[in-house]
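Structural overview for review
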Amino acid sequence: MMTKMVIKNTQNADSRTANDELTKETLHEATVIHRADVQQLMGIVGEMIIERGDDHDFTKIIYFDEFAEEVLKPHTNDEFINAHWYQTHIFEERHHLNANCPLDVNLIDVLELICDCIVAGKGRAGRVTPAYLKLKDPTILERAYWNTVKMLDDIVEVKKEDRYG
């Protein structure tokens with residue numbers, strides 16, 4: 001279950017939304033609250049990224065015998081990507097965006113892909129391979145952006161009974 005956060009109504013943090021006559025004091029107080037709420041949400045996003053990093057390539061560990069068998073036996077690239085283990089890997093993990101992009105792809109998936117490609121490229125070949133970072137579907141980033149907006153919007157609730165003013 002995703003963490004929920006409750007924020008206060010800070011309509012007086014901006015002249016476009018303020019219903020009351022703004023004062024320097026109410027503007028400052030609402031701005032401090034707004035900053036704290038953004039920090040809290042960014043902390044939640046940071047926790048999501050850390051959790052994703054902790055889980056990265058979990059299928060290589062839980063299905064290690066099958067993974068090792070596929071990697072260690074002679075194979076063509078087509079044989080490898082069509083193997084049961086690899087298909088399980090790309091369907092159970094979210095970061096293989098060119099092989100199996102989830103409908104609800106988000107920016108955390110994109111960040112995991114970027115981190116994976118950089119570490120794999122540099123660790124295995126001594127350099128980043130741009131071809132692995134190129135998204136085959138140019139709409140993935142926009143979908144990831146809007147899905148992330150929705151995901152974070154669903155996390156944040158405004159405390160109705162405590163109107164900041």
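Below or above, wherever it landed, is the structure these notes cover. The structure displayed is predicted, hence computed values, not measured ones. By convention here, each chain's residues receive numbers from 1 onward along its written sequence. Per-residue local features of the predicted model are confined to residues with pLDDT of at least 70, and side-chain atom pairs are confined, for both listing and counting, to 80 or more; whole-chain, interface and lining totals are unaffected and use all residues. Only hydrogens and water are set aside; all other atoms, that is, all heavy atoms of the structure, feed into the side-chain values.

Within the protein, the regular secondary structure consists of 8 helices and 2 strands. Helices (α) and strands (β) of the protein occur, in sequence order from the N terminus, as β-α-α-α-α-α-α-α-α-β. Over its C-alpha trace the protein gives a radius of gyration of 22 Å, far above what one expects of a compact globule, namely 15 Å for 165 residues. Oriented by its inertia axes, the alpha-carbon framework of the protein measures out at about 75 × 30 × 25 Å. For every residue, the accessible area (1.4 Å probe, protein chains only) is compared with the maximum for its type, and the residue is labelled buried under 20%, exposed over 50%, or partly exposed between those bounds. Considering the protein as a whole, with its 165 residues, one finds that 31% of them fall into the buried category. Segments assigned H or I by DSSP are reported as helices when at least four residues long, segments assigned E as strands when at least two residues long, and all are numbered from the N terminus. It is over C-alpha atoms that the radius of gyration is taken, and the globule rule equals 2.2 Å times the number of residues to the power 0.38.

A word on the nonpolar core. Counting residues in each nonpolar core, the largest one holds 9 residues, listed as Met-5, Ile-7, Leu-41, Ile-44, Met-48, Ile-108, Met-151, Leu-152 and Ile-155. Secondary-structure elements contributing two or more residues to this core are strand E1 (5–7), helix H1 (24–55) and helix H8 (140–155). Note on contacts: a residue pair qualifies if any of its non-hydrogen atoms lie within 4.5 Å across the two residues. Non-local contacts of Ile-7, meaning those with residues more than four positions away in its chain, are made with Asp-37, Val-156, Glu-157, Val-158 and Lys-159. Here, nonpolar core refers to any group of buried Ala, Val, Leu, Ile, Met, Phe, Trp, Tyr and Cys residues whose side-chain atoms link them within 4.5 Å. Core analysis: the next-biggest nonpolar cluster, separate from the first, contains 8 residues, Leu-97, Leu-135, Ile-140 and Ala-144 among them.

At 3.6 residues per turn, the α-helix brings residues three or four places apart onto the same side. Multiplying 1.5 Å by the helix residue count minus one yields the expected span of that helix. In a regular helix each residue adds 1.5 Å, so 32 residues correspond to 46 Å; H1 covers 47 Å between its end C-alpha atoms and thus fits that length. Those residues of H1 that fall on the buried side of the exposure criterion are Thr-26, Ala-30, Ile-33, Asp-37, Leu-41, Ile-44, Met-48 and Arg-52. On its buried side, H1 packs onto E1, helix H6 (107–125), H8 and strand E2 (156–158). Where H1 terminates, the next one or two residues include Asp-57, which has phi positive at roughly 55 degrees.

Another aspect to go through is a negative patch on the surface. Residues with no salt bridge and a relative accessible area higher than 30% make up the patches, which join like charges within 9 Å and nonpolar side chains (Val, Leu, Ile, Met, Phe, Trp, Tyr) within 5 Å. To be clear on the numbers: accessible area is Shrake-Rupley with a 1.4 Å probe, and residue cover counts the displayed protein chains and nothing else. For this analysis, a salt bridge means a side-chain nitrogen from Lys or Arg found within 4 Å of a carboxyl oxygen belonging to Asp or Glu. Residues scored as charged are limited to Lys and Arg (positive) and Asp and Glu (negative), so that His and the chain ends carry no count. In plain terms, the charge of a residue is placed at NZ if it is Lys, CZ if Arg, CG if Asp and CD if Glu. A cluster of acidic residues, Glu-47, Glu-51, Asp-54 and Asp-55, forms a negative patch at the surface. Following the sequence through the fold, Asp-55 ends up in helix H1. Using a relative accessible area of 38% as the deciding quantity, one classes Asp-55 as partly exposed.

With that settled, consider the environment of Ala-83. Counting through the fold element by element, Ala-83 comes out in the loop between helix H4 (77–82) and helix H5 (84–92). With relative accessibility at 10%, the residue Ala-83 sits in the buried group. Sequence separation between Ala-83 and Phe-67 is 16 residues, and the spatial gap between their C-alpha atoms is 9.7 Å.

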